[in-house]
Structures are given as structure tokens and as C-alpha cells.
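# Chains, contacts and geometry: an overview
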Amino acid sequence: MSSTYCVYPFTNLNSNTEGSVKLCCSINENLHATVDGEELNFGKHSIADIWNSDYMQTVRKQMLNGERPEACRVCWDLEDKGVQSSRQSAFSEPGLAYARGKEYRSIEPPLPQSLELRLGNFCNLRCNSCWSLSSDRIADERTRMVDKVPEWLNKDWQYELDLNKKANWRWWEDPEFDATIAQLAPNLKRLYLTGGEPTLIKRNTEIMRQILDSGNKDCYIALTTNLTNWDDDFFNTMAEFNNGELQISVDHVREQNEYIRFPTKWSKVEENLAKITVTFPVHWTIKHYTVYQAYNFDAVNLLLDWLHWYRSGFDYDHDRIYIWSPIILDYPKYLNINMLPQVARREYTTWLKKEYQPPMQIKNLWYQHGIDQIVNLYNHDTVFEIDVAEQQSLQKKFVEYNDALDKQRKTDWRATFPSVAKWISPDG
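This structure is a prediction, so every number in the text was calculated from the model and none was measured.

### A word on helix α13 (residues 300-312)
Compared with an ideal rise of 1.5 Å per residue, which puts 13 residues at 18 Å, α13 spans 18 Å between its outermost C-alpha atoms and is within 8% of the ideal. Turning to α13, its buried residues are V300, N301, L303, L304, W306, L307, H308, Y310 and R311.

Encoded structure:
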């Protein structure tokens, strides 16, 4: 196996919210698979045409030859910083364990047995690090705000709003996609649902039911949810599968999480996490992902303290594996950790590594690897390759962006994140 091999291009396809195709969910949103200059799309092209396209075969050939495909730059950059990438994590993904035979070392492997689906941008939140193509609520808000924000932000938002207007948000109703699901359902090994917010989209439930009706209860089911919506039909259907995992997106605690993932209600997050605990068998894993960014650069200990106290209230569920892990935010740059001074970042991670102690010990609550990933990130020199002028520019954008949101939403980032505000340059 080559040093750059990844199971995803040989086993998996990922849909963007408007139906375009990527190798996996980690690839930059705008790096879509193409054929003769045209974007491949689940609503237009057959699964065979997508899977055996020149684009897919070229990426596979590069990986088999030990090369690094440019589309996978996110993973290469993380690995070069000593942070575990999605490529590396994929080797231990339960739903991808089947991909070990020689047939998955070919530029023409069997049809994909893993799908990662985003059926449109229907969402109930306006998360600060998100954009219009992943949330129709964001698209609506930015349409109303776009002419009232600084010029640089107007340009960014206008670009994505133009993309939003051109997109076919109902691609998953096209006959070509129906044919793809019907063809893959009986042998599908892994289905990952995200959004938007997948629990709000009825077609997701229908796809799960179609897989079950094909006699396939062994498909490994995973979803990412913001934990603010509970749909009995969705979760009860999901629980009919033999195994799977629930990925939850929680970036901070209480009012800070409500700000980052606006307009989340913290009480609803706790309530729905409890419902997951009692709905799904204990062998289903919960993976808690936190988008690690400027807002929460010093909040890992607060999240972990909350997790310990919260999990302590479900002692009957401690045989369930619960994993906390950070996702390092790359874009927009004015929200990533490079926006903050190096001294702030180093000061916190030094304390986190040497001094943090959980309030109690909880069986099967795994988080140390996540801490190590953050510490490795801060300790790698390339993280700090940013000059003062660029950092001040990012801080200025951070301030202007959040001030614009605060004016619209009646929130206050300075009061909500005082430890972040104190590190912002006066010039910002």
C-alpha cells in the first residue's frame, strides 16, 4: 500500500448539498469531480459514469503511485502539521472495514459501497462558520444583510449567494438519483447523512427505509446532527439498523454554543442528547465533534468538564463509547485560530496539556487523543507562519464580521467571549 493511499476514492462518494460530487466530506467545498469540464452530479449522472470517470480514476492512480492529489490538500496539510487527518482516520472507520481486498487497489474498483449524502441546504441554524450552500437560513439572512456589511464581506457573501441561486436544491428527487439508491441499497456497507440538518429532510428517512426494505440491516449508519431537532420517524428508522454511530456537533457550552451555532437552545441540546442515549443500543457510538476555531480556542476544558458531569448522570450508559474530537477550522480564515496571537494559543495549550484534570473519571469517555491533536497543532511551527500585518487584517475582519452579526441578531460577541476579545488588537 502506498503512503498516500486513502480508502475513500476506492469505496466512497460524497454529495455536496447541490448534488455535485466529491471524494469525501473533508475536501474543500468547491473541489468537485468533473468530466470534460462539467461537474458530475448525482441528479444528472449515473452512478457508473461517476464512479468510473476520468476524474476518479486519475485520483486513484495518483494515490496508488504514492502521489498526493491536489483535491486532498486538507488532509496533507493536517498530516504535515502532525494532526490526524480524515484519510488516516478512515482506516479505522467501522463502515469501511470491508475495503481490504486487492479489488480496492485498482483504478476501477467495485461500485461504491459507502455514500455520504447531503440532501440540500435545509437547516434550522445559522452557524457562524457555515455558509449559504449548507444552510438556507444563512442564505436568507445574508440576502437581507449583504448590502449593509463591509465591502470585503459583501463580496464574499455575494459570491456564495450567486452560487445559491444557481443551484438545484431538489436534485435528490431526480430519477437518476433514485436509480442510484435502488442499485446500491442491497449491498451498501455505509451510509453517512449530514446536511443542512439531516433530521429535517424526509427523504433521508425514505432512503434508510429503502435500504432496510432491500433486506440490508447491516449497513453501517452514521449521521451528523446539531442536536436541536428530534424527529421520531427519522431516529426510530435509523435505530432499526444493526449498527452505527451518532455524530453530534457541539462547539462550546451554554450561551457560547448558542452564539456560535445561532440560534441553538442549550436546553434542547441536552434534552436530545439524552434521547439518543435511551433510543439507541449501547453498542452504537456517539462521536462528539467540536469545530475548533477562534471562539473556542480556550474552551476545551469547559466542554470536557460539561461532558464528564453530563455523562455522569447516565451511569447505566457508560458501556457506550463516547468520543470527543476537534475538527480544525480552516476557512474562513478570520475565524480560525491563526487570528489570535501566538502567545494566547501557546499559553492555553501548555496549561491544557500539563494542568487539565477532569472533574471525575467516566468509563468509555475518550478525549485525550483530541487534546493531543490540538497540542500537536499548536506545537507545529507551520501553524504560526503568519506575519503581524496579516494577523491584524484577520482580526479586523473578525471584528467586522461579528459586529455585523450582532447588529442583525441582537447578540454581543465581546460579552459572550471576553477571553477572545481581550486578545484582539486595538487596530482590529
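After that view, the rundown keeps rolling.
### Section: the sheet that holds strand β5 (residues 114-118)
Read across the sheet, 9 strands follow the order β2-β1-β5-β7-β8-β9-β11-β12-β13 without closing on themselves; strand pairing throughout is mixed. The open sheet is flanked by β2 (21-22) and β13 (365-366), the only strands paired with a single partner. By the bridge criterion, 5 bridges tie strand β9 (residues 244-249) to strand β11 (residues 285-292) in an arrangement that is parallel. Note on β11: the bridge partner recorded for S249 is Y289. Together, β9, β11 and β12 (322-328) form the strand contacts of helix α12 (residues 266-279), whose direction differs from that of β9 by roughly 170°.

### Describing the state of the cysteines
This structure, assessed with the given rule, holds 0 disulfides. Distance from the sulfur of C130, which forms no disulfide, to the nearest cysteine sulfur (C127) is 6.0 Å. Note on C130: relative accessible area 24%, which makes it partly exposed.

### Brief notes about unusual backbone geometry
Geometrically, the link from G195 to G196 is a cis peptide bond, its omega value of 20° lying close to zero. Inspection of the secondary structure puts G196 in the loop between β7 (190-194) and α9 (202-213). Following Y331, the chain continues to P332 via a peptide bond in cis, the omega torsion being 0°. Residue position: P332 is located in the loop between β12 and α14 (342-355). With a phi close to 65°, L227 is a non-glycine residue in the positive phi region. Positive phi is not limited to glycine here, since R254 has a value of about 50°. Tracing the backbone shows R254 in helix α11 (residues 254-260).

### Quick notes on the environment of Y356
Structurally, Y356 can be placed in the loop between α14 and β13. Spatially, the C-alpha atom of Y356 lies 9.9 Å from that of D305, the residues being 51 residues apart in sequence. Ignoring any residue separated from it by four or fewer positions in sequence, one finds Y356 in contact with N301, L304, D305, H308, W351, Y367 and I371. Of the polar contacts made by the side chain of Y356, one reaches the side chain of D305; its length is 2.8 Å.

### Quick word on the packing of aromatic side chains
Considering all chains together, one arrives at 23 aromatic pairs under this definition. Relative to W284, the ring of F280 has its centre 4.9 Å away and its plane inclined at 45°; by these criteria the two rings are tilted. Of the two residues, F280 and W284, both sit in the buried class. An aromatic cluster of three or more residues is present, and its members are W230, F234, F235, F280 and W284. It is R60 that lies over the ring of W51; its NZ or CZ is 4.3 Å from the centre.

### So, the environment of S106
Its place among the elements puts S106 in the loop between α5 (86-90) and β5. For the pair S106 and L13, spaced 93 residues apart in sequence, the C-alpha separation works out to 16 Å. Here S106 is in contact with F10, R60 and L64, once residues within four sequence places are set aside. At a separation of 3.0 Å, a polar atom in the side chain of S106 contacts the main-chain amide nitrogen of E108.

### As for the pairing of β11
With respect to burial, β11 is a largely interior element, 7 of its 8 residues being buried. Across 7 bridges, β11 lies against β12 in parallel orientation. Within β12, the residue paired with Y292 across the bridge is I328. Handedness of the crossover joining β11 and β12 through α13: right-handed.

Calculation rules
All chains use their own residue numbering, which begins from 1 and follows the written sequence. This being a predicted model, a pLDDT of at least 70 is required before a residue's local features are given, and a value of 80 or more before pairs of side-chain atoms are given or counted; all residues contribute to the totals for chains, interfaces and linings. Side-chain measures were taken over the full set of non-hydrogen atoms in the model, leaving aside hydrogen atoms and water. Runs of H or I in DSSP of at least four residues are treated as helices and runs of E of at least two as strands, each being numbered from the N terminus. Helix span, as expected, comes to 1.5 Å for every residue beyond the first. We call a residue buried when its accessible area falls under 20% of the maximum for its residue type, exposed when it is over 50%, and partly exposed in between, using a 1.4 Å probe and counting protein chains only. A strand pair is defined by DSSP finding two or more bridges across the two strands. Throughout, a contact is declared for two residues whenever any of their heavy atoms are within 4.5 Å. The axes are straight lines fitted to the C-alpha atoms, using for helices just the contacting stretch, and the angles between their N-to-C directions are given from 0 to 180°. Here, two cysteine sulfur atoms that lie within 2.5 Å of each other are counted as a disulfide. Counting of polar contacts relies on pairs of N or O atoms within 3.5 Å, with two restrictions inside protein: one atom must be capable of donating a hydrogen and the other of accepting it, and residues adjacent in sequence are counted only when both atoms are side-chain atoms. The aromatic pairing rule takes the rings of Phe, Tyr and Trp, using the six-membered ring of Trp, and pairs them if the centres are within 6.5 Å, calling planes under 30 degrees apart stacked, those over 60 edge-to-face and the rest tilted. We call a charge positioned above a ring when the Lys NZ or Arg CZ atom is no farther than 6 Å from the ring centre and deviates by at most 35 degrees from the ring normal. When the strands point away from the viewer and the connection leading from the first strand across the helix to the second strand turns clockwise, the crossover is called right-handed.

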